[in-house]
Amino acid sequence: MSGDGIVTTKDSRGKLLVRRYLVHMETALSDPNRVDDAVISIPGDGIVRTNFAKDILLDLSDEDKERGHGFFPLRLLYDDYMSWMWDLPDSGLGKRFHEQFIKPAATYDIPAIVLDEDTDKAAVATVFEKVNIGGLPLNVFELLTAMFAGDADYYHRTGEDFRLNDDWKETQLKWVAHPTLAAVENTDFLQAVTMLTTLKRNQADTSDRPPAVSAKREDVLKLTLSDYLEWRDPLREAFIWTATFLADRHIFAPRDIPYPKQLVPLAAIRVLLGSDADLIAVSERLARWYWCGVLGELYGSAIETRFARDIESTPGWAVGTTTSAMPRTIQDASFTESRLHSLRTRNAAAYKGIAALILAQGARDWMEDKALDKVQYVNLAVDIHHVFPQKWCNDQGIDDERRESIVNKTTISARTNRTIGGAAPSAYLDVIEKHAQIDSDRLNQLLSTHLIPPQQLRANDFDGFFRQRREQLCRLVEDAIGKPVQRDIDEGHAEEDSSQFAPEELIEEPAQIG
């Protein structure tokens, strides 16, 4: 909000970005619930591109273009905004925006505690501790616990207060047979209730400005106990359905869920669709929506807005209603070939997503020729490991970007991984054949179920292996999201390799075995 307004930042994936921020004035003024939608983040050059940067979608690279499209630049909020406003084609729009947004911003006060520079460190630490503990906000679950407990109608009907925490424990007991649901938090459940409640109100309202569909904190806090009880049981069952949905896509453990928060709209969508969600065509469309969210890496930030958009459009689109628009998550999803280079740990949702896709398309263990399904996933202690071992790669001078990439990893059993050790592929494949008592053709077939080119692996040809498997994974992603993957490596302008990401996002998690 000062200077040229250009900010060096990073997105929810850890990718380094240069951005500038503007407000679409008409949108901000049209509805108080749409102010968040009105604020946009665009590239530092002011140009929004699409079709893998080939086409210009929006050009706000100078003040005339900003005014022409009705976008107020936030860099002027505390600067000379009047000069910018003076040349605005719609002076009425500028006046209303000034009254409703710029003037209130000018009077905004930021509270601060100022300590004398001579204050000793112990006192500073004490102040810091007290301020943070004292200002810790109650989350919405805790606030609704108190509000629901005071519901007079419920007490009149039952003779006791409603205990939200006890009710949540009952929900968790119903889910105990589904390990992936351990990733669902009590506030997630409340957000799903809120979306269904606000959607029902939105659809029942016949006015020109119906209430917005929302999952934001302020709308969660507006829930009544009757709202909660109306949707509680359907959602309990719907979340169990999401666990089955994940298992069908070879996601069996909480740590392997790409985006736990994406289960919130998925469960709400299941409530709306009912049993139709399991019809073949509907299920395939829901799977596409899910993978677009995962591989497009769209559920890492600003998720409440995406929740609302998805629950409004996805159910109708999934059942083939001609008047329903394609969900924004599918519209927004994209994937570039070079992103495979920077997918290195479970820190990235797309990393976990690709690992699951490899399993789902028929990957089998190399030692025992067992499908890596829900049962074997546990029995065989399955995890993600290197194909070309780290030690071999280091000895051969393979760069760490390709060595640690998802392209050089796959999901295998602990026993197979111990057999691999740090040996060259040509050596460990011989050992596997002897231990498993199989011939080369049989093992080659098992390798192919992991989209691994056997000949390159047997020849210790890392470069050839990497190129071929990268292409195979690109095709796997394309099948999942129903969109082409931009091949940007050979074009010489890779935009998603590890050099584009914050280093901490590329560091292996302690629990990761590889």
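These numbers were taken from a predicted model, which means no experiment stands behind them.

Asker: Is there a simple way to think about the side chain of Gln486 in this case?
Answerer: Position of Gln486 among the secondary structure elements: in the segment after α26 (462-481). Look at Gln486 and you get buried, because its relative accessible area is 6%. Setting aside residues up to four positions removed in sequence, Gln486 forms contacts with Phe52, Phe335, Thr336, Glu337, Glu491 and His493.

Asker: Sorry if this is basic, but what is going on with the nonpolar core here?
Answerer: It is characteristic of soluble globular proteins that their nonpolar side chains tend to be buried jointly. Within the largest apolar cluster, 113 residues are counted, with the highest numbers of intra-cluster contacts made by Leu235, Phe239, Trp291, Leu295, Phe335, Ile354 and Trp366. Broken down by element, this core gets its largest block of residues, 11 residues, from helix α12 (residues 225-248). In this view, Phe239 contacts Trp175, Leu181, Val184, Phe189, Ala192, Leu263, Val264 and Ala267; residues no more than four positions away in its chain are not counted. Leu77, Met85, Leu93 and Ala105 belong to the second largest nonpolar core, which has 17 residues in total.

Asker: Can you help me understand the pairing of strand β8 (residues 409-412) in this one?
Answerer: Going residue by residue along β8, you find Lys409 and Thr411 tucked away on one face and Thr410 and Ile412 tucked away on the opposite face as well. For strand β7 (residues 383-386) and β8, the ladder comprises four bridges, and the chain directions are antiparallel. Counterpart to Ile384 in the pairing with β8 is Thr411.

Asker: Honestly, helix α24 (residues 440-448) in this entry has me stumped. Any pointers?
Answerer: Given 3.6 residues per turn, any residue in an α-helix points the same way as the ones three and four places further on. Those residues of α24 that sit buried are Leu443, Asn444, Leu446 and Leu447. What you see down the axis of α24 is that its buried residues fit within an arc of 160°, all on one side. Relative to its buried face, α24 has exposed residues pointing more than 90 degrees away, namely Asp441 and Gln445. If you follow the buried residues of α24, they end up packed against α23 (425-436) and α25 (454-458).

Asker: Mind showing me how you'd approach unusual backbone geometry here?
Answerer: When glycine is set aside, most residues are seen to have a negative phi, and most peptide bonds are trans. A positive phi is found at Gln437, a non-glycine position, where the angle reads about 60°. Following the sequence through the fold, Gln437 ends up in the loop between α23 and α24. The backbone phi angle of Leu451 is positive, close to 60°, even though this residue is not glycine. Locating Leu451 in the fold gives a position in the loop between α24 and α25.

Asker: How should I be thinking about the pattern of salt bridges in this particular structure?
Answerer: Pairing of side chains with opposite charge becomes possible as their charged atoms draw close. This model, assessed by the stated rule, comprises 44 salt bridges. Salt-bridge contacts for Glu63 lead to Arg67; the nearest nitrogen and oxygen are separated by 3.6 Å. With a gap of four residues between them, Glu63 and Arg67 both fall in helix α3 (residues 63-69), about one helical turn apart. Classification of Glu63 by relative accessible area gives partly exposed; the value is 36%. On the basis of relative accessibility, which here comes to 8%, the residue Arg67 falls in the buried class.

Asker: What is the right way to look at the packing of helix α14 (residues 280-295) against α26 in this model?
Answerer: To describe two helices that pack against each other, one gives the angle between their axes and the distance between the axes. Here α14 crosses α26 at 130°, and the two axes come no closer than 7 Å. Judged by the inter-axis angle, α14 sits oblique to α26. Here Arg288, Trp291, Cys292 and Leu295 of α14 lie close against α26, whose contacting residues are Val477, Ala480 and Ile481. Tallied by class, the residues present in the contact of α14 with α26 amount to six nonpolar, no polar and one charged.

Asker: Where do I start with the packing of aromatic side chains in this structure?
Answerer: Here a ring pair, both rings aromatic, is described through the centre-centre distance and the interplanar angle of the planes. This model, assessed by the stated rule, comprises 24 aromatic pairs. Relative to Trp84, the ring of Phe72 lies with its centre 5.4 Å away and its plane at 90°, an arrangement referred to as edge-to-face. On the criterion of sequence distance, the pair formed by Phe72 in strand β6 (residues 71-73) and Trp84 in helix α4 (residues 81-86) is long-range, its members being 12 residues apart. Considered together, Phe72 and Trp84 belong to a single accessibility category, that of buried residues. Pairing Trp289 with Tyr299 gives two aromatic rings, centres 6.4 Å apart and planes at 80°, and the pair type is edge-to-face. Taken together, the residues span a long stretch of sequence, with Trp289 in helix α14 and Tyr299 in the loop between α14 and α15 (303-318) at a distance of 10 residues.

Asker: So what exactly am I meant to see when it comes to the packing of α12 against helix α13 (residues 263-273) here?
Answerer: Where α12 meets α13, the closest approach of the two axes is 8 Å, and the angle between their N-to-C directions is 115°. As summarised for this structure, α12 and α13 are arranged roughly perpendicular, according to the angle between their axes. α12 and α13 meet at a crossing whose hand is right-handed. Along the contact surface, α12 presents Trp231, Pro234, Leu235, Ala238, Phe239, Trp241, Thr242, Phe245 and Leu246, while α13 presents Leu263, Val264, Leu266, Ala267, Ala268, Arg270 and Val271. For the contact of α12 with α13, the per-class residue count stands at 14 nonpolar, one polar and one charged.

Asker: Where do I start with the layout of surface pockets in this structure?
Answerer: Remark: the empty space left among the atoms is shown by a probe the size of a water molecule rolled over them. The computed volume of the second largest pocket comes to approximately 620 Å³. Secondary structure elements with two or more residues in the lining of the second largest pocket: α2 (35-38), α10 (186-204), α11 (217-220) and α15. Residue contributions to the lining of the second largest pocket peak at five residues, all from α15. Residues of the lining of the second largest pocket, tallied by class, amount to eight nonpolar, six polar and 13 charged.

Asker: Looking at this model, I keep getting lost on empty space enclosed by the protein. Mind explaining?
Answerer: Applying the stated criterion across every chain, the model contains two cavities of 30 Å³ or more. The wall of the second largest cavity is formed by Arg13, Arg339, Ser342, Ala348, Phe501, Glu505 and Leu506. For the lining of the second largest cavity, the class distribution of residues is three nonpolar, one polar and three charged.

Asker: Sorry, what's going on with the environment of Leu457 here?
Answerer: Take Leu457: it is sitting in helix α25. Classification of Leu457 by relative accessible area gives buried; the value is 0%. Each C-alpha atom, one on Leu457 and one on Leu447, is 9.3 Å from the other, the two residues being 10 residues apart in sequence. Ignoring anything within four residues of it in the chain, the contact list for Leu457 reads Val387, Phe388, Pro425, Ser426, Tyr428, Leu429, Leu447 and Ile452.

How each quantity is defined
Residues numbered from 1 in each chain as written. Predicted model: local features only at pLDDT ≥ 70, side-chain atom pairs only at ≥ 80, totals over all residues. Heavy atoms only, no water. Helix = DSSP H or I, 4+ residues; strand = E, 2+ residues; numbered from the N terminus. Buried < 20%, exposed > 50% of the residue type's maximum accessible area, 1.4 Å probe, protein only. Contact = heavy atoms within 4.5 Å. Core = buried A, V, L, I, M, F, W, Y, C linked by side-chain atoms within 4.5 Å. Pairing = 2+ DSSP bridges. Arc of directions from axis to C-beta. Salt bridge = Lys/Arg side-chain N within 4 Å of Asp/Glu carboxyl O. Axes fitted to C-alpha atoms, helices over the stretch in contact; angles between N-to-C directions. Parallel < 35°, antiparallel > 145°, perpendicular 65-115°, else oblique. Nonpolar A, V, L, I, M, F, W, Y, C, P; charged D, E, K, R; others polar. Phe/Tyr/Trp six-rings, centres within 6.5 Å; stacked < 30°, edge-to-face > 60°. Left-handed = near helix turned anticlockwise from the far one by under 90°. 1 Å grid on protein atoms, 1.4 Å probe; cavity = no way out; pocket = protein on both sides within 12 Å on 5 of 7 lines; lining within 4 Å. Points joined across faces, edges and corners; volume = space filled by probe spheres on them.

Spatial relationships are all this shows, so hold off on functional conclusions.
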